[in-house]
Amino acid sequence: NDANLRLGNLEAVLQYVGRSDSESIALLSNHMDEFIVIPDVIEENEVAEYFLDNIYECALPEELESYLDMCDFGSYLIKQHDGRFVMGGFVCMESGCSLEQIMGPEEQTEAQTMQL
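First, a word on scope: everything that follows refers to the structure included in this document. None of these values were measured; they are calculated from a predicted model.

### Some points on the packing of aromatic side chains
Phase 1 of the analysis: In the structure shown here, the tally under the stated rule is three aromatic pairs.
Phase 2 of the analysis: Considering the side-chain rings of Phe51 and Tyr56, the 5.9 Å spacing of their centres and the 55° angle between planes classify their relative orientation as tilted.
Phase 3 of the analysis: Against the face of Tyr16 rests Arg84, its NZ or CZ located 4.2 Å from the ring centre.

Okay, here's the thing in structure tokens:
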């Protein structure tokens, strides 16, 4: 149901940020539109397929499928959107959004450090 999906997405975002305190939960729950959460993906090519279908809303013509390396494209998207895999899926930022804008400069540094 929709409430379970929202809760699952919030849990994924909390993992992405590396926080679970009540202040972060309240803050992030008000900024869920600034995150892209893709449940149940574990590979770069799945991220690329999701972006093509759901973010860019375009289908890749069959003639081009053999020319596009979906793993490389997924890796590019992950880097461009500061994304990372979390337990149960993948999370990244919407274009033009950053953790620093939401949580402040000290949280951006902590989240980036966790990614390394």
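### Brief notes about the pattern of salt bridges
Phase 1 of the analysis: Under the criterion given, the structure shown has three salt bridges.
Phase 2 of the analysis: Arg6 is paired through a salt bridge with Asp2; the nearest N and O atoms lie 2.6 Å apart. Taken together, the positions of Arg6 and Asp2, both in helix 1 (residues 2–17) and four residues apart, correspond to about one turn of that helix.
Phase 3 of the analysis: Relative accessible area serves as the criterion here: at 51%, Arg6 is assigned to the exposed category.
Phase 4 of the analysis: Here Asp82 and Arg84 are joined by a salt bridge, their closest N and O atoms 4.0 Å apart.
Phase 5 of the analysis: Note on Arg84: relative accessible area 12%, which makes it buried.

### With respect to the nonpolar core
One recurring pattern in soluble globular proteins: nonpolar side chains tend to sit buried together.
Phase 1 of the analysis: If you look at the biggest cluster of nonpolar residues, it comprises 16 residues, and the most contacted ones within it are Val13, Tyr16, Val17, Leu28, Phe35 and Val91.
Phase 2 of the analysis: Looking at this core, the elements with two or more residues in it are helix 1, strand 1 (35–39), strand 3 (89–93) and helix 6 (99–103).
Phase 3 of the analysis: Looking at this core element by element, the count peaks at six residues for helix 1.
Phase 4 of the analysis: Listed in part, the 13 residues of the second largest apolar core include Ile38, Val47, Met70 and Cys92.

### Quick notes on the pairing of strand 1
Phase 1 of the analysis: With four of five residues buried, strand 1 is to be regarded as a mostly interior element.
Phase 2 of the analysis: Judged from the five bridges that link them, strand 1 and strand 3 form a sheet pairing that is antiparallel. Counted as the bridge partner of Ile38 is Phe90 from strand 3.

### A word on the pairing of strand 3
Phase 1 of the analysis: Counting buried residues along strand 3, five of its five residues qualify, which places the element largely inside the surrounding structure.
Phase 2 of the analysis: Along strand 3, one buried face is formed by Gly89, Val91 and Met93 and the opposite face, lined by Phe90 and Cys92, is buried too.
Phase 3 of the analysis: The pairing of strand 2 (residues 84–86) with strand 3 spans three bridges and is classified as antiparallel. What sits directly across from Arg84, in strand 3, is Val91.

### Quick look at the packing of helix 1 against helix 2 (residues 22–29)
Phase 1 of the analysis: At a minimum axis distance of 10 Å, the contact between helix 1 and helix 2 shows a crossing angle of 120°. In terms of orientation, helix 1 and helix 2 fall into the oblique class. Crossing hand, helix 1 versus helix 2: right-handed. Of the residues in helix 2, those in contact with Leu10, Val13, Leu14 and Val17 of helix 1 are Ser24, Ile25, Leu28 and Ser29.

Scoring rules and cut-offs
Each chain carries its own residue numbering, running from 1 in the written order of its sequence. Restriction of local features to residues with pLDDT of at least 70 applies here, the model being predicted, together with a cutoff of 80 or more for giving and counting side-chain atom pairs; totals for whole chains, interfaces and linings are based on all residues. The basis for the side-chain values is all heavy atoms of the structure; hydrogens and waters are excluded. Planes of paired rings set the category: under 30 degrees apart is stacked, over 60 is edge-to-face and the rest tilted, where pairs are Phe, Tyr or Trp rings (Trp by its six-membered ring) whose centres lie within 6.5 Å. As a reminder, the over-ring test applies to NZ of lysine and CZ of arginine, requiring each to be within 6 Å of the ring centre and within 35 degrees of the ring normal. The working definition used for a salt bridge is a side-chain nitrogen of Lys or Arg within 4 Å of a carboxyl oxygen of Asp or Glu. The way it works is that DSSP assigns letters per residue, a run of H or I at least four long becomes a helix, a run of E at least two long becomes a strand, and they are numbered from the N terminus. Only protein chains enter the accessibility calculation, which uses a 1.4 Å probe; a residue whose area is less than 20% of its type maximum is buried, one above 50% is exposed, and one in between is partly exposed. What we call a nonpolar core is a set of buried Ala, Val, Leu, Ile, Met, Phe, Trp, Tyr and Cys residues that are connected through their side-chain atoms within 4.5 Å. Here a strand pair is declared whenever DSSP counts at least two bridges between the two strands. The axes used here are C-alpha line fits, helices contributing only the stretch in contact, and every angle between their N-to-C directions lies in the interval 0 to 180 degrees. Orientation is classified from the angle alone, with under 35 degrees giving roughly parallel, over 145 giving roughly antiparallel, 65 to 115 giving roughly perpendicular, and any other angle giving oblique. The handedness criterion is simple: a crossing whose near helix is rotated anticlockwise from the far helix by less than a right angle is left-handed, and one whose near helix is rotated clockwise is right-handed. Only heavy atoms enter the contact rule, under which two residues are in contact if any of them lie within 4.5 Å.

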